[in-house]
Amino acid sequence: MATRYGHELSDGRVQCDLCPRACKLRDGQRGLCFVRARADGQIVLTSYGRSSGFCVDPIEKKPLHHFLPGSAVLSFGTAGCNLACRFCQNWDISKSKEVDSLSEEASPRAIATAAKELGAASIAFTYNDPVPFMEFAIDCADAAHELGLRAVAVTAGYICAAPRAELYAHIDAANVDLKAFSEGFYRRVCGAELGAVLETLEYLSHETAVWLEITNLLIPGANDSDAEIDALTSWVIGHLGPDVPVHFTAFHPDFKMTDRPGTPPGTLSRARRIALANGVHHAYTGNVHGTEGASTSCSGCGVRLVERDWYEIRRYRLTDDGRCRSCGTRCPGVFEGPAGTWGPRFRPVHVPEVVAR
Ligand code: SF4
């Protein structure tokens with residue numbers, strides 16, 4: 001499909017204006033994300049209506065710990081990504097150049113209908129970044145809203161201002177992957193710019209109603225020093241405030257970064273301690289078992305509000321509108337009624353089959 005974010009340059013090329021990478025394309029060329037290309041003089045999205053697969057999983061897996069806890073979310077991705085992270089943990093999807101191998105075809109309406117049928121409270125654009133396929137993501141979000149469901153974006157936040165405003169007008173919650181806190185890391189390891197991501201975080205926090213959580217994947221020897229974690233979490237406090245949750249998650253050697261081990265659990269706990277000491281109210285450890293780093297505590301009285309082990313809720317002490325049952329302090333986030341009961345299950349689904357039955 002034709003897209004709106006592009007303009008012609010004096011040398012005859014067309015520049016894509018969706019993300020700061022600003023690919024300049026001649027007819028037939030594809031951008032770095034591979035799914036946007038130039039055809040007939042304009043920028044087109046080549047992956048509309050196609051997906052690499054669907055799965056119903058817990059909202060905690062996104063990770064979102066303060067958005068309809070315990071609920072199920074119909075998750076899917078397409079192909080391609082507008083970053084070039086050497087450590088990509090989903091590279092088979094994000095770096096796919098086999099657009100034809102996108103095995104599932106599904107319309108926005110079919111996806112929303114399947115989500116509703118399967119008992120999900122939301123749909124999520126995940127596995128690969130929704131930015132390069134934003135027109136499809138927007139249509140899916142609108143279809144979800146028509147059926148009373150929410151829309152979630154899991155993203156690196158690398159997007160220009162105008163399309164960012166358009167995309168997030170349709171999104172209810174986002175987990176933004178803040179990959180490090182140095183321009184050098186972003187340039188060298190991700191082929192991107194930290195400043196553009198920080199702008200997205202501030203935009204979401206201050207100028208939208210989108211519920212925001214942050215993920216920081218810690219890579220041994222690359223972005224896991226005390227000083228960098230201190231700088232990152234101090235920035236969060238100073239620019240976003242104490243109520244934006246931060247998740248520290250574990251790296252495993254993959255793609256072009258296989259020269260180092262996975263993240264030790266102790267690194268995640270150390271990062272969480274630094275975040276809490278800097279004033280982040282809700283800091284989590286992810287991809288590891290253990291209730292301490294996975295649970296939500298009240299910022300008013302300290303009582304454990306939601307006890308989790310990995311993606312499973314073991315105990316829930318919030319009122320239906322998200323207040324602490326002990327002291328009444330409001331827990332930041334989106335809470336509606338009791339916790340969901342989906343549990344830690346992952347259930348791959350075939351959308352056309354669900355819609356047909
Ligand atoms: S969205 Fe894709 S084509 Fe457009 S500028 Fe970014 S990487 Fe390039």
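Our subject is the structure that appears above.
Points about the sheet that holds strand S17 (residues 304-309)
Across the sheet, three strands lie side by side as S16-S17-S18; this open sheet has antiparallel pairing. This sheet does not close on itself; its edge strands, each paired only once, are strand S16 (296-297) and strand S18 (312-316). When S17 meets S18, the two strands line up antiparallel, connected through four bridges. Following the sheet pairing, Val306 is matched in S18 by Tyr316.

Some points on the nonpolar core
Among the nonpolar cores identified, the biggest contains 96 residues, and Leu74, Phe87 and Phe125 are the most heavily contacted of them. For this core, the element with the highest residue contribution is helix H3 (residues 134-146), accounting for eight residues. Not counting residues within four places of it along the chain, the set of residues in contact with Phe87 comprises Lys179, Phe185, Val189, Cys190, Leu217, Ile219, Phe251, Asp254 and Met257. With 10 residues, the next largest nonpolar core counts Ile59, Leu64, Val154 and Ala173 among its residues.

Notes on the pairing of strand S4 (residues 36-39)
Relative to strand S5 (residues 42-45), S4 is paired through four bridges, and the arrangement is antiparallel. Across the sheet, residue Ala37 finds its bridge partner in S5, namely Val44. Joining the antiparallel neighbours S4 and S5 is a turn of two residues, in which Asp40 adopts a positive phi near 50°.

Some points on the packing of aromatic side chains
For the coordinates displayed, the defined rule picks out 10 aromatic pairs. Between Phe76 and Phe125, the ring centres sit 5.6 Å apart and the planes meet at 90°, which makes this aromatic pair edge-to-face. With Phe76 in strand S8 (residues 72-77) and Phe125 in strand S10 (residues 122-125), this residue pair connects regions lying 49 residues apart in the sequence. Across the pair, Phe125 and Phe76 agree in class, each one buried.

Describing empty space enclosed by the protein
Under the counting rule described, the total for this entry stands at two cavities of 30 Å³ or more. Considering only enclosed or pocket space, the largest cavity measures out at about 110 Å³ in volume. Lining the largest cavity are 14 residues, with Cys16, Cys19, Cys23, Cys33 and Arg36 positioned closest to its centre. A breakdown of the residues in the lining of the largest cavity according to their chemical character gives 10 nonpolar, two polar and two charged.

With respect to the pattern of salt bridges
When the charged atoms of two side chains lie near each other, side chains of opposite charge can form a pair. In total, this model carries 15 salt bridges according to the counting rule given. The shortest N-O distance in the salt bridge between Arg109 and Glu146 comes to 3.5 Å. With Arg109 in helix H2 (residues 108-117) and Glu146 in helix H3, this pair connects stretches of sequence that are 37 residues apart. Judged by relative accessible area, Glu146 falls into the exposed class, the value being 60%. Taken together, the shared-partner salt bridges connect Arg272, Glu292, Arg304 and Glu307 into one network.

Cut-offs and rules
- Residues numbered from 1 in each chain as written.
- Predicted model: local features only at pLDDT ≥ 70, side-chain atom pairs only at ≥ 80, totals over all residues.
- Heavy atoms only, no water.
- Pairing = 2+ DSSP bridges.
- Helix = DSSP H or I, 4+ residues; strand = E, 2+ residues; numbered from the N terminus.
- Core = buried A, V, L, I, M, F, W, Y, C linked by side-chain atoms within 4.5 Å.
- Buried < 20%, exposed > 50% of the residue type's maximum accessible area, 1.4 Å probe, protein only.
- Contact = heavy atoms within 4.5 Å.
- Phe/Tyr/Trp six-rings, centres within 6.5 Å; stacked < 30°, edge-to-face > 60°.
- 1 Å grid on protein atoms, 1.4 Å probe; cavity = no way out; pocket = protein on both sides within 12 Å on 5 of 7 lines; lining within 4 Å.
- Points joined across faces, edges and corners; volume = space filled by probe spheres on them.
- Nonpolar A, V, L, I, M, F, W, Y, C, P; charged D, E, K, R; others polar.
- Salt bridge = Lys/Arg side-chain N within 4 Å of Asp/Glu carboxyl O.

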